[in-house]
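Chain by chain, the residues run as shown.
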Amino acid sequence: MYLGAMSLSLLRAFLDGFIHGCPKLLDHPYGFIDFHHWVALRLRYFESTSGYVNMILEAEGGDEEKGIERFFALWHEFRSRRSRTVYEADWGGESFLVSQRRLDTGEVEEMRSNLIQLIKYTEDDSGFIKFVNGDKIIEERYVSEFDKVFWWVNAYGFKIDEGAWRKVDE
């Protein structure tokens, strides 16, 4: 009814308008950033920069109708996913700062994290680096090869000794 046709591209346009018009109704005011990462993980992409629409449409051979069906299947998985923390470490330097402009007010919001968690949602080779403050997730970064996750943490500039990591779950 709102899209005019079964089209993932039209759904994306509708959702973008909704997010920008009503950001207070969402759990996360910045949109679908983490969903891009989830789609990359589930469709076995190295990274998420092409965006969920392009990744889904490529997986569905450009078929917009199949794409919208795949979107809702992936969205359901994303919303019901449960993480398993494998390792965590306290970041000993300055707290990790993420600054983002809120869509609803236009103000810059600063969020800080001193805890870094290495998490998995699935049993495949990929995982996420999660920056946390209390029970609030500041940011998640997708890593396509979990065995390189420690390298990525250091590549992002967080020099954490191997002994500082606490094993949480197997």
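Structure's up top.
Note that the coordinates shown come from a computational prediction; the quantities given were computed from them, not determined experimentally.

## Here's the deal with helix α3 (residues 51-59)
For an α-helix, 3.6 residues make a turn, and residues three or four places apart therefore share a direction. For α3, the complete set of buried residues consists of G51, Y52, V53, M55, I56 and L57. Backbone geometry just after α3 places G61 at a positive phi near 65°.

## Some remarks on the pattern of salt bridges
Any two side chains of opposite charge can pair, on the condition that their charged atoms come close. For the coordinates displayed, the defined rule picks out seven salt bridges. Ionic pairing is found between D16 and R12, a salt bridge with its closest N-O pair at 3.0 Å. Linking D16 with R12, this pair stays in helix α1 (residues 8-21), spanning four residues, or about one helical turn. Among the residues examined, D16 registers a relative accessible area of 27% and is labelled partly exposed. Across the pair K148 and E145 runs a salt bridge whose closest N-O atoms are separated by 3.2 Å. Given a relative accessible area of 39%, K148 falls into the partly exposed group. A cluster of three or more residues bridged by salt bridges with shared partners is formed by E88, D90 and R166.

## Looking at the nonpolar core
Among the nonpolar cores identified, the biggest contains 22 residues, and L8, F35, V39, Y52, I56 and F71 are the most heavily contacted of them. Elements represented by at least two residues in this core include exactly α1, α2 (33-42), α3 and α4 (64-80). Every residue in contact with I56, bar those within four places of it in the chain, is listed here: L8, V39, L43, G67, R70, F71 and L74. Formed by 15 residues, the second largest nonpolar core is a distinct cluster that contains I116, F131, I138 and W165.

## Considering the packing of α1 against α3
Between α1 and α3, the least distance of the axes is 10 Å, while the angle of their chain directions is 165°. Here α3 runs roughly antiparallel to α1, going by the angle between their axes. For the pair α1 and α3, the sense of crossing is right-handed. Between α1 and α3, the residues in contact are L8, S9, R12 and L15 and Y52, V53, I56 and L57, respectively. Here the contact of α1 with α3 is composed, by residue class, of six nonpolar, one polar and one charged.

## Brief notes about the sheet that holds strand β5 (residues 127-133)
Read across the sheet, five strands follow the order β6-β5-β4-β1-β7 without closing on themselves; strand pairing throughout is antiparallel. Bordering the open sheet on either side are β6 (136-143) and β7 (166-167), each of which pairs with just one other strand. Relative to strand β4 (residues 115-120), strand β1 (residues 84-90) runs antiparallel, the two sharing six bridges. From the neighbouring strand, Y87 faces β4, where its bridge partner is L118.

## Concerning unusual backbone geometry
A positive phi angle, near 65°, is found at R44, a position not held by glycine. Looking at the element boundaries, R44 is found in the loop between α2 and α3.

## Brief notes about the pairing of β6
Regular strands place their side chains on alternate faces of the sheet. Where β5 lies against β6, seven bridges are found, and the strand directions are antiparallel. Opposite N133, over in β6, you have K136 as the bridge partner. Counting the residues between successive antiparallel strands, the hairpin from β5 to β6 contains two residues, one of them, G134, with a positive phi of roughly 65°.

Reading the values: the criteria
Each residue is numbered by its place in its chain's sequence as written, counting from 1. Since the coordinates come from a predicted model, pLDDT governs what is reported: local features require at least 70, and pairs of side-chain atoms require 80 or more to be given and counted, while whole-chain, interface and lining totals use all residues. With hydrogens and water set aside, each side-chain value is computed from the structure's full complement of heavy atoms. Note on exposure labels: buried denotes an accessible area under 20% of the residue type's maximum, exposed denotes more than 50%, and partly exposed covers the range between, all computed with a 1.4 Å probe on protein chains only. Helix and strand assignments follow DSSP, with helices taken as H or I runs no shorter than four residues and strands as E runs no shorter than two, numbered in order from the N terminus. Salt bridge, as applied in this entry: a Lys or Arg side-chain nitrogen positioned within 4 Å of an Asp or Glu carboxyl oxygen. By nonpolar core we mean a set of buried residues, namely Ala, Val, Leu, Ile, Met, Phe, Trp, Tyr and Cys, connected to one another through side-chain atoms within 4.5 Å. Contacts between residues were defined by any pair of non-hydrogen atoms, one from each residue, lying within 4.5 Å. Here the axes come from fitting lines to C-alpha atoms, over the contacting stretch only for helices, and the angles between their N-to-C directions go from 0 to 180 degrees. Comment on the angle field: the value is read as roughly parallel under 35 degrees, roughly antiparallel over 145, roughly perpendicular from 65 to 115, and oblique elsewhere. Should the near helix be turned counterclockwise from the far one by less than a right angle, the crossing is left-handed, whereas a clockwise turn marks it as right-handed. When residue character is reported, Ala, Val, Leu, Ile, Met, Phe, Trp, Tyr, Cys and Pro are called nonpolar, Asp, Glu, Lys and Arg charged, and the others, Gly included, polar. Following DSSP output, two strands are said to pair if at least two bridges run between them.

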